[in-house]
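Reading the structure
Listed here are the chains, written in short residue letters.
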Amino acid sequence: MNRLKRILLVEDSELDIEMTLRALAGHRLANEVAVARDGVEALDYLLRRGAHAGRAEGHPVVILLDNKMPRMSGLELLAILSADDELRHIPVVMLTSSREEGDLVKSYALGANAYVVKPVEFQAFVAAVQELCLFWGLLNTPPPGSVRSL
Amino acid sequence: MSPNTPFDGALVVRMIEAAPNPMLLVASDGRIEFVNAEFERFFGYTRDELLGTPVERLVPDYVRAQHPALRDGFFRDPMTLRIGAGRDFVGRRKDGSEVAFEIGLAPVRTERGLHALAALVDLTRRRSVELALRESEARFRSMADSAPVLLWVAGKDMGCTFFNRPWLEFRGRTLAEEQGHGWADGVHPEDRERCFDTYARCFEERVPFTMQYRLLRHDGEYRWLHDAGTPRFDTDGGFAGFIGSCIDVTESKRLADELQSLNQELELRVRLRTAELLEANRELEAFCRSVSHDLRAPLRHITGFAGYLLEEPAVRDSAEARRLAEVIERSSRKLGLLIDDLLAFSRMGRVELARRRVALKDVLDEVLADLTPEVEGRAVEWTISQLPEVWGDPALLRQVLANLLGNALKYTRPRDVARIAVESEMVDSEVVVRVRDNGVGFESAHAGRLFQVFERLHGEAEFEGTGVGLASVKRIVERHGGRVWAEAELGQGACFSVSLPRESDGRMGGAA
């Protein structure tokens, strides 16, 4: 049975996934990141369906969500989450390349908890990922039903 | 004495003597037999001077020769000719002046033979009135005929009684043909009902009208007339009909129609062009979004993996490998700056200006605060003069000042003491703001290139920059309706000037 991870990273770019995971390398959270390649897979993970049917109960303490993805975009997933009585409590951090104001406004309207533009600068990127995961993964007290603290 | 008893002769003579008209009895040979008192007065002779003399002495020279024949005619066929039958004569008074009179004649048979009794009516007054009337009529006609408009006059019954010469010439018809309702045949069939309705209604209500209709010209062409009719009243104030004037408005109507169709065409073209522009703008926006997203992602990967590469032990241990990875990192960072600047530049051309009254002083203070880190450790002498309010978008104006002051700081870096002045001047409805420095300057021949994107007059090694700053300044200022220019000499410092409108479209911008 798959263990429930504290952080769900929803991201379609393999390179971004690797960079994100590398940023957390050597960190306590390195092994606490589950990855979904698009909104559909993320939903499967959260609802324990399909490939994730066997994972343990409970919700991640935070979802790091990219927007532009195949099959189901981040905003589309956000809309589904916000309409779900249980899933809407999971904190969502939009983590995207786009600074477009329209996406920003829509994200907050759909209940996103934060909106972070991936920094182009290497050090800034690493720092952003580490701080985000530190805050949402460890510092923040997640809603009931989330994975227990480490 | 009963009413039917004849008066005696003496009374009749007294009556004739006292009659209020000049009277005269002439014998068949033309001698004057009798005149009454009024006659004496009228011609200025005493009866003693007249009696027994030929009546021709009372006739002016120029008709005297014809007079005996007239007299003979009467005596040959004597009959009563009443006053009012229009026998107007001119007489010659004793003082040589002429008098106009009408004459009535009656044959009188006496024991001395056939006589002609003449009774005169003084026409002097009537003549002068008639003359004045004729003169006024002639004046009116000459005015009417020389007026550059078509004139018509209608009576109470709506029938026209007069048309001036221009009208008749326009129509190529005679007054007789046009009179009454004759003119109406010339109105274009499509305009007839409307025209006659207006005509009849305004006659009924006795109110002025203006209308346009087509009237057939002599050459067979229908011309548009602008007709203005006004009711007219006689001296007693009674309604007497209408008088109207028309001008040919075919040309101006054609021009107006043409103008309208041109306007419509122009409007259509503007609409099309606007739609095209909006579409182009949308495309550009989509393009920019895609640039910002799709270019940034691989760039992030390049910087990111170059960064991780630098952390790899094998790279850390090789100076050359480290240098190579650092070049990749630096170059990608530079590319990132370029993309950001370009996007900002492009957005600047598209965003809606949020204009209001802006105190340039406040904007400058903010910019100076932002520049504090760059000023630190340097000797900078600021000279800031009074700055007025302008009409503009505060966020964009801040970018303008930030760019200009940032440049001034950058290019004075080689100076021991940087001197930077911000001045302003009112020129007409504009404010000109100048940023002057004692920096390295540039060759004035290149001043124009400064404001183009990616144009740089200094090497990257000397002064960093992407070449977008001044292009942004120019774009922002021009979107505000202002201008930007620069003066400098190599090594002698530079002066950048920006003109901005003080007010929105000439009016003081109130609360915005």
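Quick caveat: nothing in here was measured; it's all calculated off a predicted structure.

1. A few points about the side chain of Glu329(B)
Here Glu329(B) is to be found in helix α12 (residues 319-350). Among residues more than four places away in sequence, those in contact with Glu329(B) are Phe122(A), Thr303(B), Ala306(B), Gly307(B) and Leu310(B).

2. So, the sheet that holds strand β3 (residues 88-92) of chain B
Residue and element names in this part refer to chain B. As summarised here, the arrangement of the five strands in space is β2-β1-β5-β4-β3, forming an open sheet in which the pairing is antiparallel. A strand with exactly one partner marks an edge of an open sheet, and here the two such strands are β2 (32-35) and β3. Taken pair by pair, the neighbouring strands of this sheet meet at an average axis angle of 35°, ignoring direction. As judged from the five bridges shared by strand β1 (residues 23-27) and strand β5 (residues 113-122), these two strands associate in the antiparallel manner. If you follow Ala 27 over to β5, its bridge partner there is His 115. Against the sheet, helix α5 (residues 67-76) contacts β1, β3, β4 (98-110) and β5, and its axis sits at roughly 120° relative to β5.

3. Regarding the domain arrangement of chain B
Accessible area lost on assembly of the parts is the figure often given for the size of an interface. You can read the domains of chain B as domain 1 (9-122), domain 2 (136-248), domain 3 (277-347) and domain 4 (353-501). Using only C-alpha atoms to locate each centre, domain 1 of chain B and domain 4 of chain B end up separated by 114 Å.

4. Overview of the packing of helix α1 (residues 14-23) of chain A against helix α5 (residues 122-139) of chain A
All names here are of chain A. Interhelical geometry of α1 versus α5 gives an angle of 70° and a closest axis separation of 9 Å. Classed by the angle they form, the pair α1 and α5 counts as roughly perpendicular. Like other packed secondary-structure pairs, α1 and α5 cross with a definite hand, here right-handed. Taken together, the residues of α5 that come into contact with α1 (itself represented by Met 19, Thr 20 and Ala 23) are Phe 125, Val 126, Val 129 and Gln 130.

5. Regarding the nonpolar core
Membership of the largest hydrophobic core comes to 49 residues, with the highest contact counts inside it found for Leu8(A), Val10(A), Ile63(A), Leu64(A), Leu65(A), Leu81(A) and Val93(A). Examining the composition of this core, we find that seven residues originate from one element, α5(A), more than from any other. Each residue touching Val10(A), except ones within four places of it in the same chain, is listed here: Ala36(A), Asp38(A), Gly39(A), Ala42(A), Ile63(A), Leu64(A), Leu65(A), Asp66(A) and Met69(A). Counting residues in each nonpolar core, the second largest holds 41 residues, with Leu360(B), Val390(B), Leu409(B) and Val473(B) among its members.

6. Focus on unusual backbone geometry
The backbone of Arg71(A) shows a phi angle near 65°, a positive value even though the residue is not glycine. Along the polypeptide, Arg71(A) turns up in the loop between β3 (62-65) and α3 (74-82). By relative accessible area, Arg71(A) is classed as exposed at 63%. Of note in this structure, Arg206(B) is not a glycine but carries a positive phi near 55°. You can see Arg206(B) is positioned in the loop between α9 (189-205) and β8 (209-216). Arg206(B) sits in the partly exposed class, given a relative accessible area of 44%.

7. A few points about the packing of helix α2 (residues 39-47) of chain A against α3(A)
Residue and element names in this part refer to chain A. At their nearest, the axes of α2 and α3 sit 9 Å apart, and the two run at 30° to each other. In this view, α2 runs roughly parallel relative to α3, as classed from their interaxial angle. When you trace α2 past α3, the crossing you get is right-handed. Within the contact between the two elements, α2 uses Gly 39, Ala 42, Leu 43 and Leu 46 and α3 uses Leu 77, Ile 80 and Leu 81. Of the residues contributing to the contact of α2 with α3, the split by class is six nonpolar, one polar and no charged.

8. Considerations on the confidence of the model for chain B
A low pLDDT means the predicted coordinates there should not be read in detail. For chain B, mean pLDDT is 87; residues scoring 70 or higher make up 96% of the total. The low-confidence segment residues 506-512 of chain B, where pLDDT is below 50, has nine contacts with residues more than four positions distant or belonging to other chains.

9. Here we look at the packing of aromatic side chains
Within this structure, the stated rule accounts for 24 aromatic pairs over all chains. Between Phe42(B) and Phe101(B), the aromatic rings sit 6.1 Å apart at their centres with planes inclined by 80°, giving edge-to-face as the arrangement. With Phe42(B) in helix α2 (residues 37-43) and Phe101(B) in strand β4, this residue pair connects regions lying 59 residues apart in the sequence. For the pair shown, Phe42(B) and Phe101(B) are each scored as buried. Between the aromatic rings of Phe140(B) and Phe162(B), the centroid separation amounts to 5.4 Å while the plane-to-plane angle is 50°, which identifies the pairing as tilted. Residue Phe140(B) is located in helix α6 (residues 124-146), and its partner Phe162(B) is located in strand β7 (residues 160-163); the two are separated by 22 residues in the primary sequence. Above the plane of the ring of Tyr308(B) lies Arg22(A), whose end atom (NZ or CZ) is 5.2 Å from the centre. Arg55(A) extends its terminal NZ or CZ atom over the ring of Tyr45(A), reaching a point 4.4 Å from the ring centre.

Conventions used here
- Residues numbered from 1 in each chain as written.
- Chains lettered and ligands numbered in written order.
- Predicted model: local features only at pLDDT ≥ 70, side-chain atom pairs only at ≥ 80, totals over all residues.
- Heavy atoms only, no water.
- Helix = DSSP H or I, 4+ residues; strand = E, 2+ residues; numbered from the N terminus.
- Contact = heavy atoms within 4.5 Å.
- Pairing = 2+ DSSP bridges.
- Axes fitted to C-alpha atoms, helices over the stretch in contact; angles between N-to-C directions.
- Domains from an automatic or database assignment.
- Parallel < 35°, antiparallel > 145°, perpendicular 65-115°, else oblique.
- Left-handed = near helix turned anticlockwise from the far one by under 90°.
- Core = buried A, V, L, I, M, F, W, Y, C linked by side-chain atoms within 4.5 Å.
- Buried < 20%, exposed > 50% of the residue type's maximum accessible area, 1.4 Å probe, protein only.
- Nonpolar A, V, L, I, M, F, W, Y, C, P; charged D, E, K, R; others polar.
- pLDDT = per-residue confidence, 0-100.
- Phe/Tyr/Trp six-rings, centres within 6.5 Å; stacked < 30°, edge-to-face > 60°.
- Lys NZ or Arg CZ within 6 Å of the ring centre and 35° of its normal.

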